[in-house]
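Coordinate inspection notes
Single-letter residue listing:
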Amino acid sequence: METIPLRATTAYMNSFALSSGFYSMLKQRSVCMKEMTDKEIDYPEKARREYFSDHSIALADAQCRERVDYEGYILKESAPYLTKFLEENQSMIAKITELKSVGENNAQKILKD
């Protein structure tokens with residue numbers, strides 16, 4: 001399966017990350033982390049970066065992510081932002097796909113010679 005480089009979707013995902021729903025979900029997770037660890041850990045990346053060797057924080061992070069359906073929320077709620085990216089960049093994606101195919105065909109011809 002082909003993937004789109006992360007930098008291409010950054011503006012769309014930044015819009016998602018600034019949405020009130022995403023902020024609300026992060027706030028719920030933060031409250032959960034405070035209840036479980038007595039530490040102010042606002043977002044999952046902070047837990048990994050600042051407490052990477054603390055297994056109790058890792059366990060609490062996993063439990064809080066599950067409690068607020070962190071991954072499920074991101075998959076479900078980011079879809080419209082990524083769909084917008086695909087719609088707005090459809091012609092560019094088609095051209096890149098075409099050029100990739102031409103390149104692959106040319107490589108096969110060159111390797112046969």
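First, a word on what this report is: a plain description of the structure on this page.

Criteria and cut-off values
- Residues numbered from 1 in each chain as written.
- Predicted model: local features only at pLDDT ≥ 70, side-chain atom pairs only at ≥ 80, totals over all residues.
- Heavy atoms only, no water.
- Axes fitted to C-alpha atoms, helices over the stretch in contact; angles between N-to-C directions.
- Helix = DSSP H or I, 4+ residues; strand = E, 2+ residues; numbered from the N terminus.
- Parallel < 35°, antiparallel > 145°, perpendicular 65-115°, else oblique.
- Left-handed = near helix turned anticlockwise from the far one by under 90°.
- Contact = heavy atoms within 4.5 Å.
- Disulfide = S-S within 2.5 Å.
- Buried < 20%, exposed > 50% of the residue type's maximum accessible area, 1.4 Å probe, protein only.
- Expected span 1.5 Å × (residues − 1).
- Arc of directions from axis to C-beta.

Here we take up the packing of helix 2 (residues 20–37) against helix 4 (residues 55–67). At a minimum axis separation of 9 Å, helix 2 and helix 4 run at an interaxial angle of 140 degrees. By the angle class used here, helix 2 and helix 4 are oblique. Once helix 2 is placed against helix 4, the crossing between them reads as right-handed. Between helix 2 and helix 4, the contacting residues are Arg29, Cys32, Met33, Glu35, Met36 and Thr37 on the first element and Ile57, Ala60, Asp61, Gln63, Cys64, Arg65 and Arg67 on the second.

This part covers the state of the cysteines. Counting across every chain of the model gives 1 disulfide. Each sulfur of the disulfide joining Cys32 and Cys64 lies 2.1 Å from the other. Note on the Cys32 and Cys64 pair: the S-S dihedral is about -80 degrees, so by sign convention the disulfide is left-handed. Of the two residues, Cys32 is situated in helix 2 and Cys64 in helix 4; the sequence distance between them amounts to 32 residues. Across this residue pair, the class does not change: Cys32 and Cys64 are buried.

A few words now on unusual backbone geometry. For Asp38, which is not glycine, the phi torsion reads 65 degrees and is therefore positive. Mapping Asp38 onto the fold places it in the loop between helix 2 and helix 3 (44–50). With phi around 55 degrees, Asp69 is a residue other than glycine that occupies positive phi space.

The next point concerns helix 2. The first and last C-alpha atoms of helix 2 sit 25 Å apart over 18 residues, in line with the 26 Å expected at 1.5 Å per residue. Taken together, the buried positions of helix 2 are Phe22, Met25, Leu26, Arg29, Ser30, Cys32, Met33 and Thr37. Around the axis of helix 2, the buried residues are gathered within 160 degrees of arc, so they sit on the same side. Exposed residues pointing more than 90 degrees away from the buried face of helix 2 are listed as Ser20, Tyr23 and Glu35. Count one or two residues on from helix 2 and you reach Asp38, which has phi positive near 65 degrees.

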